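For reference, the chains in residue letters:
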Amino acid sequence: MDEFAPLDCLLPSGKQRIGLVILNQPIDEQFFHVLWSKAKIRACADGGANHLYRLTEGHRESFLPDYINGDFDSILPEVKTFYTEKNCKMMETSDQDLTDFTKCLAVMVEEIKAQKLQIDTIVTLGGLGGRFDQIMATVETLFHAQKMTDLPVVVIQDRSLAVLLKEGRQHHLNVNTGLEGKWCSLVPVGSPCLTTTSGLKWNLGELRACRPQVFPSTQTPNTHTHGHPRGMFPSLHHPLCSIY
Amino acid sequence: MDEFAPLDCLLPSGKQRIGLVILNQPIDEQFFHVLWSKDNGDIPGTEHSGKGQTGLNAKIRACADGGANHLYRLTEGHRESFLPDYINGDFDSILPEVKTFYTEKNCKMMETSDQDLTDFTKCLAVMVEEIKAQKLQIDTIVTLGGLGGRFDQIMATVETLFHAQKMTDLPVVVIQDRSLAVLLKEGRQHHLNVNTGLEGKWCSLVPVGSPCLTTTSGLKWNLDNQVLTFGQLVSTSNTYEDHDPKEGRKPVRITTDRPLLWSMGIKPQ
């Protein structure tokens with residue numbers, strides 16, 4: 001059983017030890033400060049550095065990322081110069097088949113191992129807005145992430161959070177932090193998902209869920225999804241995208 | 001073979017006759033005016049003016065619930081010139097003053113409270129019915145909004161595009177900000193005309209519902225009978241193959257065995 005509180009990371013008193021990734025999207029200032037001050041490792045994917053640079057004007061030396069990676073086609077020259085001069089690791093990762101976000105996570109997973117950091121969750125700011133193909137690419141990265149690490153990778157932008165739930169587990173999502181909004185959602189990106197839930201306003205039974213619809217939900221103390229089918233349908237085991 | 005120019009609808013001189021849906025997201029003003037004023041075969045200055053070639057009202061425009069708020073705000077000062085044919089939804093987003101205004105102007109207010117379908121899906125269902133009932137000549141349904149804001153609602157837009165394929169053969173195109181998305185049907189050879197001049201530099205093919213066995217031409221990174229599937233291969237940040245500027249781009253050809261989501265960038269104006 002996987003117990004997880006998706007919004008714990010945004011609680012100043014939250015328990016999760018986090019790694020932080022900043023993507024190339026406007027940064028919510030309040031979330032940023034809570035996450036930055038908790039994070040044990042912090043990185044920007046390419047143009048994410050531009051947003052960090054802008055947001056921390058006046059105190060930039062207090063907000064230096066551990067590394068910035070990417071093909072560097074989005075980072076502004078003055079931003080790149082600034083962080084280079086401050087000795088942030090600049091990692092040009094020019095693999096054309098993987099996005100800057102995927103590569104940033106790959107580096108973070110390596111660094112967590114190499115430095116033996118105690119991390120519970122990787123939290124990403126950005127990724128759910130802007131260019132539509134890049135929103136889709138974020139979801140793709142979450143699939144890759146499951147092969148790279150067992151750590152949950154959470155994506156937050158504006159007032160939405162998304163996380164990909166692994167197949168074959170019973171997930172217990174703690175939604176009692178007090179930060180939960182009124183809606184939540186389960187979306188079978190990429191393939192049908194045989195799903196069971198409790199704790200939602202509209203739960204899923206033992207349905208053959210072709211494309212489950214999005215259900216608005218009221219707050220409930222305990223929510224779980226369970227991707228284990230009764231019958232022998234191994235092809236229906238598939239990660240399920242959970243959105244808050 | 002399905003020939004289609006996704007961005008034709010944003011060309012003032014474009015050929016497609018469109019139905020317009022406005023969702024609850026900020027409206028791009030420039031796109032709005034082009035789409036709202038499309039004449040759909042209108043012959044201005046004649047007895048047919050405003051009625052299209054069939055003699056019937058050629059245009060159809062609707063708001064899904066809170067889409068009416070954005071229409072109301074954007075058209076301040078000229079609201080009577082921008083009245084939708086209907087506004088549908090469970091009316092939990094439309095503001096009271098907006099609802100009152102359009103009701104008083106005799107826009108059809110259609111409360112559709114089915115909890116299993118979104119306002120967007122219901123709006124399309126009504127539009128398909130109205131197009132049939134009024135015998136409108138429509139080539140494409142164009143939607144403003146749907147690709148931004150709450151993440152579950154972006155996903156719900158994609159879900160609506162699946163439902164739409166069961167409701168109508170008309171392409172349903174979704175536009176917000178500088179992105180356009182359209183769900184390509186399975187089992188067809190699609191020829192996408194990307195020569196309108198409005199194409200931005202990126203395009204993308206995403207197998208949102210299931211793995212898609214895909215072949216393409218005309219892209220910088222083509223697929224050759226390959227399976228697109230999350231976790232293995234998803235085409236994002238793709239672009240068009242190089243072409244002779246004098247000749248224009250060749251159509252992008254796509255075949256897929258399952259519904260496949262095409263999206264593309266729109267050049268900033």
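Residues numbered from 1 in each chain as written. Chains lettered and ligands numbered in written order. Predicted model: local features only at pLDDT ≥ 70, side-chain atom pairs only at ≥ 80, totals over all residues. Heavy atoms only, no water.

**Student:** Outline the overall build of chain A, listing residues and values.
**Tutor:** Scanning chain A for helices and strands turns up 5 helices and 13 strands. For chain A, the residues scored as buried account for 57% of the 244 residues in total. Taking as baseline every contact in chain A between residues at least 6 positions apart, the subset at least 24 positions apart corresponds to 67%. Summing over all exposed atoms, chain A offers an accessible surface of approximately 10,900 Å²; the carbon and sulfur share of this is 50%. (Helix = DSSP H or I, 4+ residues; strand = E, 2+ residues; numbered from the N terminus. Buried < 20%, exposed > 50% of the residue type's maximum accessible area, 1.4 Å probe, protein only. Contact = heavy atoms within 4.5 Å. Areas by Shrake-Rupley, 256 points an atom, 1.4 Å probe, with all protein chains shown as cover.)

**Student:** Describe in detail the packing of helix 5 (residues 132-148) of chain A against helix 5 (residues 151-167) of chain B, supporting the description with residues and values.
**Tutor:** Two numbers describe how helix 5 of chain A lies on helix 5 of chain B: the axes approach to 13 Å, and their chain directions differ by 105°. Looking at the two axes, helix 5 of chain A sits roughly perpendicular to helix 5 of chain B. Each of Phe132(A), Ile135(A), Met136(A) and Val139(A) in helix 5 of chain A lies in contact with helix 5 of chain B, whose residues at this interface are Phe151(B), Ile154(B), Met155(B) and Val158(B). Residues that form the contact of helix 5 of chain A with helix 5 of chain B fall into these classes: 8 nonpolar, no polar and no charged. (Axes fitted to C-alpha atoms, helices over the stretch in contact; angles between N-to-C directions. Parallel < 35°, antiparallel > 145°, perpendicular 65-115°, else oblique. Nonpolar A, V, L, I, M, F, W, Y, C, P; charged D, E, K, R; others polar.)

**Student:** I'd like to hear about helix 4 (residues 100-114) of chain A, residue by residue, with values.
**Tutor:** Residues and elements named next belong to chain A. Helix length check: helix 4 (15 residues) gives 21 Å between terminal C-alpha atoms against 21 Å at 1.5 Å per residue, within 8%. Most of helix 4 is tucked away, with 11 of its 15 residues classed as buried. Residues Asp100, Phe101, Thr102, Lys103, Cys104, Leu105, Val107, Met108, Val109, Glu111 and Ile112 constitute the buried set of helix 4. Taken from the residues just after helix 4, Lys116 is the one with a positive phi, measuring 50°. (Expected span 1.5 Å × (residues − 1).)

**Student:** Report on the environment of Trp36(A), specifying residues and quantitative values.
**Tutor:** Residue and element names in this part refer to chain A. Checked against the element boundaries, Trp36 lands in helix 1 (residues 29-38). Looking at Trp36, the relative accessible area reads 5%, which means it is buried. It is 15 Å that separates the C-alpha atoms of Trp36 and Gln157, two residues lying 121 residues apart in sequence. Ignoring sequence-local partners within four residues, the contact set of Trp36 consists of Leu20, Ile22, Arg42, Leu52, Ser62, Phe63, Leu64 and Pro65.

**Student:** Describe the confidence of the model for chain A, naming the residues involved and giving the relevant values.
**Tutor:** Confidence in the prediction for chain A averages 86 pLDDT; 84% of positions are at 70 or higher. Residue range residues 207-238 of chain A is modelled with pLDDT below 50. Its contacts to residues more than four positions away, or to other chains, number 101 contacts. (pLDDT = per-residue confidence, 0-100.)

**Student:** Tell me about the nonpolar core, and name the residues and values.
**Tutor:** Judged by nonpolar contacts, the single largest core of 65 residues is most densely connected at Phe132(A), Ile141(B), Phe151(B) and Leu261(B). Membership of the second largest hydrophobic core comes to 47 residues, among which are Leu10(B), Ile94(B), Ile175(B) and Val252(B). (Core = buried A, V, L, I, M, F, W, Y, C linked by side-chain atoms within 4.5 Å.)

**Student:** Kindly report on the environment of Phe32(B), identifying the contributing residues and their values.
**Tutor:** Residues and elements named next belong to chain B. In this structure, Phe32 sits in helix 1 (residues 29-36). The buried category is assigned to Phe32, whose relative accessible area is 0%. C-alpha of Phe32 to C-alpha of Thr157: the two residues are 125 residues apart in sequence and 19 Å apart in space. The residues contacting Phe32, other than those within four sequence positions of it, are Ile22, Ile27, Leu71, Leu74, Thr75, Phe82 and Leu144.

**Student:** If you had to explain the UniProt feature "domain: Thiamin pyrophosphokinase catalytic" (unreviewed entry) in chain A to someone new, which residues and values would you point to?
**Tutor:** Here the UniProt-annotated "domain: Thiamin pyrophosphokinase catalytic" (unreviewed entry) positions come out as residues 32-152 of chain A. Overall, residues 32-152 of chain A shows 46% helix and 15% strand. The separation of its end C-alpha atoms is 19 Å. (UniProt positions renumbered as here; feature names shortened; annotations may be inferred.)

**Student:** Help me get a handle on the sheet that holds strand 9 (residues 189-192) of chain B, residues and values and all.
**Tutor:** Residue and element names in this part refer to chain B. Pairing in this open sheet of 5 strands is mixed, and the strands run 1-9-14-11-12 from one edge to the other. Because the sheet does not close on itself, it has two edges, and the strands there are strand 1 (2-4) and strand 12 (226-228). Across this sheet, the average inter-strand angle for adjacent strands is 30°, counted without regard to direction. Across 3 bridges, the pairing between strand 11 (residues 212-217) and strand 12 is antiparallel. Following the sheet pairing, Cys212 is matched in strand 12 by Leu228. (Pairing = 2+ DSSP bridges.)

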